[in-house]
Amino acid sequence: MNKMIKLPIFLGTVGCLCGGVLAVTNYFTKDAIAKGEFDRANAAYFTHFENYAARSELAIPEALAKIGVTLKEEIFSDADKTTSIGYVYTCSVVGFAGKSTPIKFTISYAEGKINNYVPLSHGESAQGAKFMDWLSADKNNINNLEAGKAQTGSTTTYQAISNAVTACTTDYLAAYNK
């Protein structure tokens, strides 16, 4: 009988201590993590276009917002913003790992086609991570997403990214062809 009381009390105490440690760690690191993510995103933008500083944030159509686009920007070749050279979309989509760890990436377009894809973060499982590694391995893989679908267990991750890329491409081409 004594063990039946001690064990739950011990486990409850250890659980509370672990939860407390995690809460304190989160409290002290959440700002640093957010800053690191912001810095990675900023660095990613400049890999799309050298003069990313000459940009204009655009309204996100409802269809893009539903698919996971969080930012849409038009990039210009000059500070006067007279000559458009492309667009950058920032996306946050839900892959296999779920809403708690979304897949975040940027994708840019120029001259009527995909210019670049830069992954920002993801928390995908082993199979989803294989697809993410394949996608990041070669700049041209973003142009042939269908080939990545063959990665075992990557269907959910593939579908989330493919839907976002297709929606961004459609949106970009509509503006480009005007």
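Now for a look at the structure at hand. This structure is a prediction, so every number in the text was calculated from the model and none was measured.

Criteria and thresholds
Residues numbered from 1 in each chain as written. Predicted model: local features only at pLDDT ≥ 70, side-chain atom pairs only at ≥ 80, totals over all residues. Heavy atoms only, no water. Helix = DSSP H or I, 4+ residues; strand = E, 2+ residues; numbered from the N terminus. Buried < 20%, exposed > 50% of the residue type's maximum accessible area, 1.4 Å probe, protein only. Salt bridge = Lys/Arg side-chain N within 4 Å of Asp/Glu carboxyl O. Expected span 1.5 Å × (residues − 1). Contact = heavy atoms within 4.5 Å. Pairing = 2+ DSSP bridges. Axes fitted to C-alpha atoms, helices over the stretch in contact; angles between N-to-C directions. Core = buried A, V, L, I, M, F, W, Y, C linked by side-chain atoms within 4.5 Å.

## Overview of unusual backbone geometry
The general pattern is negative phi for most residues beyond glycine and trans for most peptide bonds.
Thinking step 1. For Lys-81, which is not a glycine, the phi torsion comes out positive at approximately 60°.
Thinking step 2. If you trace the backbone, Lys-81 turns up in the loop between strand E2 (69-76) and strand E3 (84-93).
Thinking step 3. Residues other than glycine seldom take positive phi values, yet Glu-111 does so here, at roughly 55°.
Thinking step 4. Here Glu-111 lies in the loop between strand E4 (103-110) and strand E5 (113-121).
Thinking step 5. A relative accessible area of 64% places Glu-111 in the exposed class.

## Details of the pattern of salt bridges
Thinking step 1. The tally for this structure, following the rule as stated, stands at three salt bridges.
Thinking step 2. Put simply, Lys-66 and Glu-62 hold a salt bridge, and the shortest N to O gap is 3.4 Å. Placement of both Lys-66 and Glu-62 in helix H2 (residues 62-67) is noted, with a separation of four residues, approximately one turn of the helix.
Thinking step 3. Classification of Glu-62 by relative accessible area gives exposed; the value is 56%.

## Re helix H3 (residues 126-137)
Thinking step 1. With 12 residues, H3 extends 16 Å from end C-alpha to end C-alpha; this agrees with the ideal 16 Å at 1.5 Å per step.
Thinking step 2. Listed as buried for H3 are Gly-128, Ala-129, Phe-131, Met-132, Trp-134 and Leu-135.
Thinking step 3. Along its buried surface, H3 packs onto E4, E5, helix H4 (145-148) and helix H5 (155-176).

## Here's the deal with H5
Thinking step 1. In this model, H5 (22 residues) spans 30 Å end to end at C-alpha, consistent with the 32 Å of a helix rising 1.5 Å per residue.
Thinking step 2. Among the residues of H5, Thr-157, Tyr-158, Ala-160, Ile-161, Ser-162, Ala-164, Val-165, Cys-168, Asp-171 and Tyr-172 are the ones counted as buried.

## Section: the sheet that holds E2
Thinking step 1. As summarised here, the arrangement of the five strands in space is E1-E2-E3-E4-E5, forming an open sheet in which the pairing is antiparallel. Each of the sheet's edge strands pairs with one partner strand only, and the pair in question is strand E1 (55-58) and E5. Taken pair by pair, the neighbouring strands of this sheet meet at an average axis angle of 20°, ignoring direction.
Thinking step 2. Its contacts with the sheet put H5 on E2, E3, E4 and E5, and the angle it makes with E4 is roughly 30°.

## A look at the nonpolar core
Thinking step 1. Counting 25 residues, the largest nonpolar core has Tyr-89, Phe-105, Ile-107, Ile-161 and Val-165 as the members making the most contacts within it.
Thinking step 2. At the level of elements, E3, E4, E5, H3 and H5 are the ones that each hand at least two residues to this core.
Thinking step 3. The dominant element in this core, judged by the number of residues it contributes, is H5, at seven residues.
Thinking step 4. Look past the residues within four positions of Ile-161 in its chain and what remains in contact with it is Val-93, Ile-103, Phe-105, Tyr-117, Phe-131, Met-132, Leu-135 and Leu-145.
Thinking step 5. Judged by nonpolar contacts, the second largest core, of seven residues, contains Tyr-45, Phe-49, Tyr-52 and Ile-75.

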